[in-house]
Amino acid sequence: MKYLKNTILLLFFALSFVVKGQEIPIEYSFGEKYNDKYKYSNLLSITQDGKGGSILVRAYYTGIILHPRGYFIEHYNENLELISEYNYKLKNSNFVESYTQNGQVYLLFMDYDYDRGSYKYSVHRSPIDDYNFTKETILNISSKQVNNPFDRNRYTRNFNKGFTSSILFNTEKTAFVISTHFKKGKTNQHRIHLFSASLNKLIEYDFSEAAEEKNYAFENMAISKDLKEVFLVGKAYYKKRRFGAKERKFRYELVKISQSGARTLEFDSEGKYSESLKPILYNGDLFCLGFYSNRKDNRYNGIGYFKVDPSSLTIKEKKYNKFSEQFMHDKFGREDDKEIKNLVFKSMNITDSGSILFNAEEYFKSTSVQANSSGGRVRVERFHHNDIVSVKLNLNGDMVWARNINKTEVTQGDGAYASYTSYTLGETTYFFISTASENPQQLSSERIQFKQGLSRNRNVFVIRLNEAGKMDFKKIIDSKDARLPLMVSKPLIDTKNNDILFYAKRGNKKQLVKVDVKNK
């Protein structure tokens, strides 16, 4: 009888979730399905063309043993119609990023120049109406060739290999930073270069003096509107300190670079250690938000908030908000082993009313060894995109709420189909996920979980968190309608029209899908 009562209760809450979800103001439309001659490819970027349309850049692979062959560029108009394609045959290149500006597409590469013995940063650009690429080298750094010079690892960095580099764009892609660190013998050079999107070098700063004591791995940045100041946040690894086996070997710092010089700001204090800090400029202040730990390890205890004066680089206010019981219940239910780690920032917004909304994802990699078809053993690397963490603070740094959305995804291939996209409209945040499951799993009356599922066809769900942190969801696109899976983590977001554009592809078929978020 008790079991029956609990079952009825769970069904009641499940139905109440669905009823609420039907009110979510979302509409969608499909573009035409097109044939595509490149079955194997990866979507690298999708940007606006300046006329209401979009530009997509893909890396494609061919051969019995797949090898990269070049870059395929697709141009769609505002009606999701394919108006042109271009095959840019370019082998042995290391793609970094692409963007469009003034009717041209820009492709940024970092390659090794064997003749000069240096790493070369170059930009290939062409008009999108008449493709004819020209090449321009914007930076050369002398160095021996090393493995993985553009280190994307989220958790560790190797500074002993001689050369490492980070390249960061701001959200609007109006500018980008190239950080280069070269070390050989007594030579220890760290330079920071700021370029505008039109490829004008705005700042070059020699950061080598600071590199004598610490190695910097920058993760996020903010740039002033006039492009005269850049604020870099990342990990500072100390060279001459001893650490315990389980202690992390870095601390988070903020570095401000301008024509007049550089300043640094340390965030950590005894008993409070920052992680995954994200900077954003708003109303003359610089806000840095992220997670913190009470110990020198990778377990997080809450949300860290820093309000910084961007001129003097002094902390005007800081607060540490412990994860709430509601958040812990969302994530773990009644489990005793409550350990939060591996959270990676996805996005942050400050609303017109002054609320700070940001979200992160539980992301990590795992490896295993398995047998192959020839009887040998191979090492397999898997990428896990799990729970979504969403937090709301006021401008003073007080936590309004924090919620955890349970999700489990793992992939060995193209990560564009996994993870999620978020969009904030007013005080409400919408999360778009793709799953083969027909419905989320009901964990309890207040907890649901989205699982990956086994089918090749995918449903698209939207999860809504309103201004009070209350959650509901809705299936917006059924797998019977969306025969091609959406690359749900690589969208084009149009904040002006509240549109989100997704690319859908399987094998030799492709199409665009537009999702409209209605402002009630």
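Up top you'll find the structure we're talking about.
A few points on the structure. Model, not experiment: these values are computed from the prediction.

1. Some words on the pattern of salt bridges
A side chain of one charge can pair with a side chain of the opposite charge if their charged atoms are brought near each other.
Thought 1: Evaluated as defined, the whole model comprises 28 salt bridges.
Thought 2: As a salt-bridge pair, Glu219 and Lys235 come within 3.6 Å of each other at their nearest N and O atoms. In this pair, Glu219 is assigned in strand 15 (residues 214–223) and Lys235 in strand 16 (residues 229–238), connecting sequence segments 16 residues apart.
Thought 3: We classify Glu219 as partly exposed; its relative accessible area is 25%.
Thought 4: Classification of Lys235 as buried rests on a relative accessible area of 2%.
Thought 5: The salt bridge involving Glu266 is made with Arg251; its shortest N-O contact spans 2.0 Å. Separated by 15 residues along the polypeptide, Glu266 in strand 18 (residues 261–266) and Arg251 in strand 17 (residues 250–258) bring together distant segments of the chain.
Thought 6: By relative accessible area, which is 16% here, Arg251 ends up buried.

2. Focus on the pairing of strand 31 (residues 448–451)
Thought 1: Where strand 26 (residues 399–408) and strand 31 come together, three bridges link them in parallel fashion. Its bridge partner being in strand 31, Lys407 is matched across the sheet by Phe450.
Thought 2: When strand 30 (residues 441–442) meets strand 31, the two strands line up antiparallel, connected through two bridges. The residue of strand 31 that forms the bridge with Gln441 is Gln449.

3. Quick word on the packing of aromatic side chains
Thought 1: For the coordinates displayed, the defined rule picks out 40 aromatic pairs.
Thought 2: Taken together, a centroid distance of 3.9 Å and an interplanar angle of 25° make the contact between Tyr38 and Tyr60 stacked. Here Tyr38, found in the loop between strand 2 (34–35) and strand 3 (40–48), pairs with Tyr60, found in strand 4 (residues 54–62); they are 22 residues apart in sequence, far enough to count as distant. In this pair, the class of Tyr38 matches that of Tyr60, namely buried.

What counts as what
- Residues numbered from 1 in each chain as written.
- Predicted model: local features only at pLDDT ≥ 70, side-chain atom pairs only at ≥ 80, totals over all residues.
- Heavy atoms only, no water.
- Salt bridge = Lys/Arg side-chain N within 4 Å of Asp/Glu carboxyl O.
- Helix = DSSP H or I, 4+ residues; strand = E, 2+ residues; numbered from the N terminus.
- Buried < 20%, exposed > 50% of the residue type's maximum accessible area, 1.4 Å probe, protein only.
- Pairing = 2+ DSSP bridges.
- Phe/Tyr/Trp six-rings, centres within 6.5 Å; stacked < 30°, edge-to-face > 60°.

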